[in-house]
Every structure is written in C-alpha cells, then in structure tokens.
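Take a look at the letters that make up each chain.
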Amino acid sequence: MPDEPAPAAGLVAGSGFALPGQSWVEDAALVDGFSNGLAPEALASEEARHRALLAAIRTPIVSTTMDGRITGFNGAAVALLGSPARLYGRPIREVLPFAHDPRDPSGAEMQGRLADATGRTVDLDVSRTLLHDGPERGSAVYVVHDISRHAEVNRLREQLLYNVAHELRGPLMVLDNALEILDTEYEALTAQEFVQVLGSARRTSRRIRTLMEDLLSAGSIQSGHFVVAPRPTVLKGIVDDAVEIARPSMEARQQSIQFDLPSAGRTVLADRRYARQVLSNLLVNASKYSPEDSVIRVIARTIGNMMRIVVEDQGPGIPPEQQAGLFERFYRVRADTDAPGVGLGLAIAKGIVEAHGGSIGIETEVGTGTRVWFTLPATRRSSADPARR
C-alpha cells in the first residue's frame, strides 16, 4: 500500500471506524460529549486536551485496525519507528516484525529487536490491547517500551559468567595437575622438579586470586563502597609487585620489560594493594595485546605534585571507533580475538586511580602501539616503604 500523509498531532488518524483525523480516544470523547450535550466549544477543548495528553506521552503508542493496518501513532512512536508517511497505513508486522496481528491469539506480550529511525539496534517490549466496538468493529493499540538497557545488562551478566568460568577453568586445571603430581609422584621428584611444580601451583593460585580481587573491586566500585587507605609508598615496590603478577603472561609470550623510573626511594601516596592492582592490570593488558618477543616499557615522571606512570606496548594500537568504551565494565577491544579476560581491568583501574585523587588516560594510534597512563599523588618522602618494614 503506498504511503499516505497522516496528521501529526497526538495519536494521529483513527481506527477503521473513526472520523478522518481522529484517534480512538478522541472518538470516545466526542461520543461522550454528544451524549452529554456538550457545546461545540467544549468538545473542541476536550479534543485539544486529549491531543496534548497523547503528544506528551513519551512511550511510543501505535493503533491499528483489526486487520493490522496502522491508523494512529504518537510523537514518541515517530521518533522510534520513523516518519508518519512511513507508518500510516502499513501492516503492523512490517514496522514491528515480531509483533502479533490483532487477531493472532498467540499472546499480547511480545519482545524483539529492530533498527530504530536512527539506525541504532534496540530491544523492545510490546504489549497489545484490543478495543472492541461491537461484534464486527474494533482496533488494537500497541504500547512499545525500549528495554535495550535491561537487555544489555542481562547480556553482560551472561557474558561475565561465561568469561569468569573460562578464566578459572585453565588455572584450576593447572593447579589440579600440580596437586596430583605432588600427591602421586612426590617421592620420585628431584629437588628442582619439586620447586618447579610448587612454583607453578603458586603462580596459578596468584592468578586466581587476582581474578577474584578484580571481581570484588569491580563490585565495590560500582556500589559506591570502594575505599582506599593511601600512605607514603615506594614507587619501585609497587612496580616490582605488579611485574611479579604479570610476569607469567609476559614469559609465555617471550616478552621483555624495560623500566625508566625515578630514584629508587621515590614515594607516592597510595594504597599499595590497589596501586599494584592498577599497574598489574595494565601490564597484563599490554602483554595480551602485544606480539611475541616485543618490549613493554614502564615509565614514571613527576609532574607537579603528581607521579605520572605510563605503560607502553608495541601492539597494533586501538582504532578510534573502539576507544570510547575502553574504561567501561566488561568492554573488550577487538572482541573477535581469543584474548583471555573478562573486560574489567581498565574499569577497575579507573575507579582505583580516581579514588586516589588521580586520573587515567590512553594514547594510541593504529600501528604505533598504546600508552596507558595514570597519576598518583607524589610525596617528598624518600625513606623505605613502611609496608616492607
């Protein structure tokens, strides 16, 4: 059916039995008005009130005849589904492909996905109500709710559970193998073999602990309960702790690490545990997305009253279109790769750094690698780290 022009105010047009340009709500108001003997001025005022009410509703509403032809819609429906000329007179299933026709007994609640008027894919929940006016006449009203945010939360939750299970499966298998060797072959192991098996078990348990710390930190940051306890801490101690955590990942890819740090006694005002977590997450990310046999650099400089710490890799860089969500939870760059992880590292780093009063950012171009930097308050203290005493 060719597109036809349609009125634009309120819920435009009407059901199959309405007067031209009137909605089913307006028809009811007019009928009540005539039966109650209202003057034409009062009827016009009532009609204007209904039009203003429908125009103000932000929930998309579409009305159809009983054979499914669209006869009415409000402004919110136009914003979501397209221009009045695109909607008026078309079958409801051409506009909402997952919706049921008015006479379809399958159900009155429907959900589906489609591209909105701007081309954005949205998740929709649609409820259908039938309005009868005698045995042969009637109309249907479809109320549309955008549930994209809720659907995305559900998808992220499912993806998180999958990623966590995937991340835990490998380390648990390694740990199980190490324990089995110690249980069944302990007496036959040389001292060197024993140290190797025990070292593998310790590194694996540390990897599991790091994952658990990430999950707990993400939850407390999101809930607003995250608290740090900064105190003067030697920067090199933080760097050494973080490198120890990230080293297995770098060794597996034959990557080396270089340092450009200030004097060994230079301190920052930081919660050592969480500062280490930030830097180790950045180092693991750098290793994950960098080629084998590449070099990862850690650079630190004092800028004013802040210490700026940079992790620089030789990876492929990040395209501009993938940079916007880098510090959001569960965001994964280049999702088509098989790189491990749950997408929490940068989001956690941002929360921890900001809790210290610092900031975090990224500098990257395709083909030139990536530099992720963050700042912590610098101190004048040069004595040994209290945490190591």
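Residues numbered from 1 in each chain as written. Predicted model: local features only at pLDDT ≥ 70, side-chain atom pairs only at ≥ 80, totals over all residues. Heavy atoms only, no water.

## Overview of the pairing of strand E2 (residues 70-73)
Regular strands place side chains that alternate from one sheet face to the opposite one. Threshold: For two strands to be treated as a pair, DSSP must find no fewer than two bridges joining them. Think of it this way: any DSSP run of H or I at least four residues long counts as a helix, any run of E at least two long counts as a strand, and we number them from the N terminus.
In terms of strand pairing, strand E1 (residues 61-65) meets E2 through 3 bridges, oriented antiparallel. Bridging from a neighbouring strand, Thr64 pairs with Ile70 of E2. The antiparallel pairing of E1 with E2 creates a hairpin that spans 4 residues between the two strands, and Gly68 there sits at a positive phi of about 90 degrees.

## Digging into the packing of helix H9 (residues 272-288) against helix H10 (residues 345-355)
The test is simple: For every element, the axis is a line fit to its C-alpha atoms; helices are fit only across the contacting stretch, and the angle between N-to-C directions ranges from 0 to 180 degrees. Note on angle classes: values under 35 degrees are labelled roughly parallel, values over 145 roughly antiparallel, values of 65 to 115 roughly perpendicular, and the remainder oblique. With the far helix as reference, a near helix turned anticlockwise by less than a right angle produces a left-handed crossing, and one turned clockwise produces a right-handed crossing. Any two residues having at least one pair of non-hydrogen atoms within 4.5 Å are treated as being in contact. All amino acids are sorted into three groups, where Ala, Val, Leu, Ile, Met, Phe, Trp, Tyr, Cys and Pro are nonpolar, Asp, Glu, Lys and Arg are charged, and the leftover types, Gly among them, are polar.
Running from N to C, H9 and H10 point in directions that differ by 150 degrees, and their axes come no closer than 9 Å. In terms of their interaxial angle, H9 and H10 are classed as roughly antiparallel. Considering how the two elements wind past one another, H9 and H10 form a crossing that is left-handed. Residue-level contacts link Tyr274, Gln277, Val278, Asn281, Leu282 and Asn285 of H9 to Gly345, Leu346, Ile348, Ala349, Ile352 and Val353 of H10. Here the contact of H9 with H10 is built from residues that sort into 8 nonpolar, 4 polar and no charged.

## Concerning helix H2 (residues 40-56)
Put simply, the rule is: Any helix carries an expected span of 1.5 Å times its number of residues minus one. Remark: exposure states derive from per-residue accessible area (1.4 Å probe, protein chains only) relative to the maximum for the residue type, with buried under 20%, exposed over 50%, and partly exposed in between. As used here, the arc is the angular range of directions from the helix axis to the C-beta atoms.
Taking 1.5 Å of rise per residue, 17 residues should cover 24 Å, and H2 covers 24 Å from first to last C-alpha, within 8% of that figure. Within H2 the residues assigned to the buried category are Leu43, His50, Arg51 and Leu54. Along H2, the residues classed as buried sweep out an arc of 100 degrees about the axis, all on the same side. Among the exposed residues of H2, those pointing more than 90 degrees away from its buried face are Glu41 and Ala56.

## With respect to the nonpolar core
Generally speaking, a soluble globular protein has its nonpolar side chains buried in company with each other. For clarity, the cut-off: Residues enter a nonpolar core if they are buried and are Ala, Val, Leu, Ile, Met, Phe, Trp, Tyr or Cys, with the set joined through side-chain atoms within 4.5 Å.
Grouped together as the largest cluster of nonpolar side chains are 37 residues, with contacts concentrated most on Leu279, Leu283, Ile309 and Phe374. Setting aside residues up to four positions removed in sequence, Phe374 forms contacts with Val278, Leu279, Leu282, Met307, Arg308, Ile309, Val353, Ser359 and Ile360. Grouped together as the second largest cluster of nonpolar side chains are 20 residues, Ala77, Ile92, Leu114 and Ala140 included.

## A closer look at the sheet that holds strand E4 (residues 121-132)
Here 5 strands make up an open sheet; going across it, the order is E2-E1-E5-E4-E3 and the pairing antiparallel. The open sheet has two edge strands with one neighbour each: E2 and strand E3 (109-115). Taking each pair of neighbouring strands and ignoring which way they run, the sheet shows an average axis angle of 30 degrees. Two elements, E3 and E4, share 7 bridges in a ladder whose sense is antiparallel. Counted as the bridge partner of Arg113 is Asp123 from E4.

## Regarding the packing of aromatic side chains
Heads up, the rule is: Only centres within 6.5 Å qualify two rings of Phe, Tyr or Trp (six-membered ring in Trp) as a pair; their planes then separate them into stacked at under 30 degrees, edge-to-face at over 60, and tilted for everything else.
Enumeration according to the criterion identifies 2 aromatic pairs in this entry. Centroid distance Tyr186 to Phe194: 5.9 Å. Interplanar angle 80 degrees. Geometry classified as edge-to-face. Between Phe226 and Tyr274, the ring centres sit 4.8 Å apart and the planes meet at 70 degrees, which makes this aromatic pair edge-to-face. Placement of the pair is Phe226 in the loop between helix H7 (191-223) and strand E6 (231-234) and Tyr274 in helix H9, with a sequence separation of 48 residues. Across the pair, exposure class does not vary: Phe226 and Tyr274 are buried alike.

## Some thoughts on the sheet that holds strand E7 (residues 256-260)
The strand order across the open sheet formed by 5 strands is E7-E9-E10-E12-E11, and the pairing between neighbours is mixed. Of all strands in the sheet, those with a lone pairing partner are E7 and strand E11 (360-364), marking the two edges. With strand direction ignored, the average angle separating the axes of adjacent strands in the sheet is 20 degrees. Running over the sheet, helix H8 (residues 235-252) touches E7, strand E9 (295-303) and strand E10 (306-312) and is turned about 165 degrees from E7.

## Considering unusual backbone geometry
Phi is positive for Gln254, close to 55 degrees, though the residue is something other than glycine. Note that Gln254 resides in the loop between H8 and E7. On the accessibility criterion, Gln254 (45% relative accessible area) is partly exposed. Phi angles above zero are rare outside glycine, and Asp293 is one such case at about 65 degrees. Checked against the element boundaries, Asp293 lands in the loop between H9 and E9.

## Details of H8
Along an α-helix, residues three or four apart share an orientation, since each turn contains 3.6 residues. Our working rule: Two axes are fitted around each residue, one to the seven residues ending there and one to the seven starting there, and the angle between them is reported as the bend at that residue.
Over its 18 residues, H8 extends 26 Å from the first C-alpha to the last, a length consistent with the 26 Å expected when each residue adds 1.5 Å. The sharpest bend along H8 comes to roughly 50 degrees, located at Ala246, with the proline Pro248 sitting one to four residues further on. Within the span of H8, buried status applies to Leu235, Gly237, Ile238, Val239, Asp241, Ala242, Val243, Ile245, Ala246 and Met250. Two residues or fewer after H8 comes Gln254, characterised by a positive phi angle close to 55 degrees.

## Describing the pattern of salt bridges
Rule in force here: Definition used for salt bridges: Asp or Glu carboxyl oxygen within 4 Å of a side-chain nitrogen of Lys or Arg.
Taken as a whole and judged by the stated rule, the model has 12 salt bridges. Measuring nitrogen to oxygen at the nearest pair gives 3.5 Å for the salt bridge that ties Asp116 to Arg120. Look at Asp116 and you get buried, because its relative accessible area is 11%. Between Asp260 and Arg301 there is a salt bridge, and its shortest N-O distance comes to 2.6 Å. A residue pair is termed long-range when its members are at least 10 positions apart, and Asp260 in strand E7 and Arg301 in strand E9 qualify at 41 residues. On the basis of relative accessible area, Asp260 is assigned to the partly exposed category, the value being 25%. Several salt bridges share partner residues, and in doing so they unite Arg297, Arg308, Glu312, Glu363 and Arg371 into one network.

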